[in-house]
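Next come the chains, spelled out residue by residue.
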Amino acid sequence: MTTTTPSSVGSGLDRVEGLDKVTGRARYAFEYSPRDLAYAVPVQAAVARGEIRAVDVDAVLKRPGVIAAIWYGNAPRLASDDGGELAVLQSPRVAYRGQYIGVVVAETLQDAREAARLVRVEYAAERHDVELRADHPGLYRPEVVNPDFPADVEQGDPDAALAAAPIVVDAVYSTPAEHNNPMEPHATVAAWDGDGLTLHDSNQGASTVRDTVAALFGMPPANVRVISPHVGGGFGSKGIPHPHVVLAALAAKQVGRPVKLAVTRQQMFAVTGYRTPTIQRVRLGADAGGRLTAIVHEAFEQSSTIKEFAEQTTVPTRMMYAAPDRRTTHRLVRLDVPTPSWMRAPGETPGMFALESAMDELAIACGLDPVELRIRNEPDTDPESGLPFSSRNLVACLREGARRFGWAGRDPAPGVRRRGRLLVGTGVAASTYPVYRRPSRASARAEPDGRFTVRIAAADIGTGARTVLTQIAADALRAPVDRVRVEIGDSALPTAALAGGSMGTASWGTAVVRACEALLEELDRRGGDLPAGGVEADADTTEEIRGQRRFARHAFGAQFAEVGVDVDTGETRVLRLLGVFAAGRIVNPKTARSQFVGGMTMGLSMALLEESVMDREFGDYLNHDLAQYHVAACADVRDIEALWVEEDDPHLNPMGSKGIGEIGIVGTAAAIANAVHHATGVRIRDLPIRLDKLVR
Ligand code: MOS
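Residues numbered from 1 in each chain as written. Predicted model: local features only at pLDDT ≥ 70, side-chain atom pairs only at ≥ 80, totals over all residues. Heavy atoms only, no water.

S.K.: Quick rundown of the sheet that holds strand 12 (residues 196–201)? Include the residues and the values.
M.R.: Taken together, seven strands build an open sheet; the order of strands is 3-5-1-14-11-12-13 and the sheet is mixed. The open sheet terminates on both sides in strands that have one partner only, identified here as strand 3 (66–71) and strand 13 (224–227). Going across the sheet, the axis of each strand differs from the next one's by a mean of 20°, ignoring polarity. Sheet topology note: the strand 1 (residues 38–44)/strand 5 (residues 100–106) ladder contains six bridges and is antiparallel. Note on strand 5: the bridge partner recorded for valine 43 is glycine 102. The strands that helix 3 (residues 109–118) touches are strand 1, strand 3 and strand 5; relative to strand 1, the one it contacts most, it runs at about 20°. On the sheet, helix 6 (residues 243–255) packs against strand 1, strand 3, strand 5, strand 11 (187–193), strand 12 and strand 14 (259–262) and is oriented at approximately 35° with respect to strand 11. (Pairing = 2+ DSSP bridges. Helix = DSSP H or I, 4+ residues; strand = E, 2+ residues; numbered from the N terminus. Axes fitted to C-alpha atoms, helices over the stretch in contact; angles between N-to-C directions. Contact = heavy atoms within 4.5 Å.)

S.K.: How would you explain unusual backbone geometry if you had to name every residue and give the values?
M.R.: The omega torsion of the bond from asparagine 146 to proline 147 falls at -15°, within 30 degrees of zero and hence cis. Inspection of the secondary structure assignment puts proline 147 in the loop between strand 7 (144–145) and strand 8 (149–150). Residue serine 502 is not a glycine yet carries a positive backbone phi of 50°. By the element assignment, serine 502 lies in the loop between strand 22 (484–487) and helix 13 (504–525).

S.K.: Can you break down a nonpolar patch on the surface residue by residue, with the values?
M.R.: A grouping of Val613, Phe618 and Leu622 is seen on the molecular surface, where their side chains present a nonpolar patch of about 230 Å² in accessible area. Relative to the assigned elements, phenylalanine 618 resides in the loop between strand 26 (614–615) and strand 27 (620–621). (Patch = residues over 30% accessible without salt bridge, like charges linked within 9 Å, V, L, I, M, F, W, Y side chains within 5 Å. Areas by Shrake-Rupley, 256 points an atom, 1.4 Å probe, with all protein chains shown as cover. Salt bridge = Lys/Arg side-chain N within 4 Å of Asp/Glu carboxyl O.)

S.K.: Can you break down the layout of surface pockets residue by residue, with the values?
M.R.: Counted as a void, the second largest pocket has a volume near 770 Å³. What lines the second largest pocket is a set of 29 residues, among which Phe149, Val435, Tyr436, Phe551 and Arg553 lie closest to the centre. For the lining of the second largest pocket, the secondary structure elements donating two or more residues are strand 8, helix 8 (317–320), strand 19 (422–434) and helix 14 (542–546). Here the residues of the lining of the second largest pocket are counted per class, giving 14 nonpolar, four polar and eleven charged. (1 Å grid on protein atoms, 1.4 Å probe; cavity = no way out; pocket = protein on both sides within 12 Å on 5 of 7 lines; lining within 4 Å. Points joined across faces, edges and corners; volume = space filled by probe spheres on them. Nonpolar A, V, L, I, M, F, W, Y, C, P; charged D, E, K, R; others polar.)

S.K.: Describe empty space enclosed by the protein, with residues and values.
M.R.: It is the rolling of a water-molecule-sized probe over the atoms that shows where space remains empty. Enumeration according to the criterion identifies four cavities of 30 Å³ or more in this entry. By volume, the largest cavity is sized at about 50 Å³. Forming the walls of the largest cavity are Val43, Val55, Ala69, Ile70, Trp71, Ile101, Gly102, Val103, Val104, Val119 and Val121. Listing elements by their share of the lining of the largest cavity, those giving two or more residues are strand 3 and strand 5. Classifying every residue of the lining of the largest cavity by side-chain character gives ten nonpolar, one polar and no charged.

S.K.: Just give me the short version of the sheet that holds strand 16 (residues 292–304), but keep the residues and values in it.
M.R.: One open sheet accounts for five strands, arranged 9-17-16-15-10; its pairing is mixed. Edge positions in the open sheet fall to strand 9 (153–155) and strand 10 (167–175), since each of these has one partner strand only. Here the strands of the sheet are splayed against their neighbours by 10° on average, with no regard to which way each runs. Note: strand 9 against strand 17 (residues 325–335), three bridges, orientation antiparallel. Note on strand 17: the bridge partner recorded for valine 153 is threonine 328. Sheet strands in contact with helix 9 (residues 348–366) are strand 10, strand 15 (278–286) and strand 16, and its direction is about 150° off that of strand 10.

What follows is the structure, given as structure tokens:
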């Protein structure tokens, strides 16, 4: 049991549940069908603002198979009601088009869908306002931005520094609303048993869903069990429970039967979150040598009238580059729109598009190579806090990327390289993402047969979490991976942080290592005497994480892109994409590469395709499916590679790892936009880079 085995961390172990997935044995939330099941289909608001006067319930109940039609007028009251997104059917108010205002429960999905479609609702509609503008009179400064950063930070006198700077870039960038669209839409199967509630649910953290739902229904968390062994992607949209989870539980309670509710792709565009659109003004002042003297980054974003969601758009700008005088601000306006939510490196992704586009503009204004410009502005310590970086290898990423990409000798002149019908150009941008870690619990058990079982309510949303936790546990137990089984995806397991903020592996891995260490100690103490029932030990990392030394902890990366733009049509193709990352120790190169490349593909998608189009009169996003909301497909990705530099950072966690789930998307869109400028001479500051913007 204590013999040394080759390290599993660092090896490209195949996904431990891979066979289950390709053979269909892995079951997703919608595939659970308890006995006596009924189907719930939501009714969505058909106005963007107003009040519901009446719902013709009697007509609905006459329809075949219908068991119940529930709306504000006959819904049970929730125990806690903050008036936010989860206060489902607790008010007659309509806060946005598509909001859940009712639910029909029927014997079959078909019956429920048909009846829900025919529900007659009488509204008192009011004028709506759904347009984000940088001069909106309703703009205000939120108390904090996500998760708990100050909205504004100012150091020195940036206005004076800008006025005195020999070189100034002053530009406005914008990013559209974007929708997460994981492969598996959200789904919940809710079943009550007396005071107990069981949810089969697709989410990024079973413990989080349990605690939220328990509070809403006024129950102890132990009365709620959330089971989610397999999840088909989330990208932030499953980080917190959305209203459908509450609606399913509420409907099941009302009809006294288990209820299944699947959110359709079309419904997802209103009820499962999205990335706020942003308008960002960036001003950079520099000396003739390209050294930044001032950075001012101002962001304007939206939230709904029922919940404040303040994205941290300019937060990465606070630690990215050295400059003595700086200001970063966030302004928010509450509109008659769905509440924005977490999506694929929220904050960093739109924020770094603006900053890294502006850095490219500054490089041109200074006549400097954009790689060199970034290296010249590398800070020694975190410019905002003054804290040392636990490790910061942006320069190594830029240098290694430049070498691999063939950057040396690049002609900076824009719009001069023709290859057949294409104008060709290259661009670079930096990436960053913070290193978070949250308290978690885990247990480790030595089974009588010599195997080990590790339990933690972690979530594998397709990232490989189950696999890397198996590797981490195997090393901590000094056992081969095939003797370790990791159980995750169930709130009955030890409580754990959610899979979000790229903190899963760091948070869960710490708890798993500590539980395994405690188990080995216990086995040592017993001198190899294993009782018939096995031995178990557990760990809680609350104290360890609270007591960790203060550092500026961030992952970094460099993104390089080559694009070809058709001279006649303006159609842009990304010919090559290379990302080089510094993210601590890479636990599994196979799943890590997949994470990086996936993120970069999302960045390509953001650069060229993704855009939720708001219709001012209609009051909603017009594109509601994947035919109209375009995401990158295989044919859009020609040549993509992700690499990493060795990084040995002792200030992180027992694995020495940084999160890798989100950094891949950060900076990609800017690298592509910068390459488009190099190719064509046209600077696109409003994403996506559509062909009509290039040919006009
Ligand atoms: Mo991620 S957008 O924090 O799930």
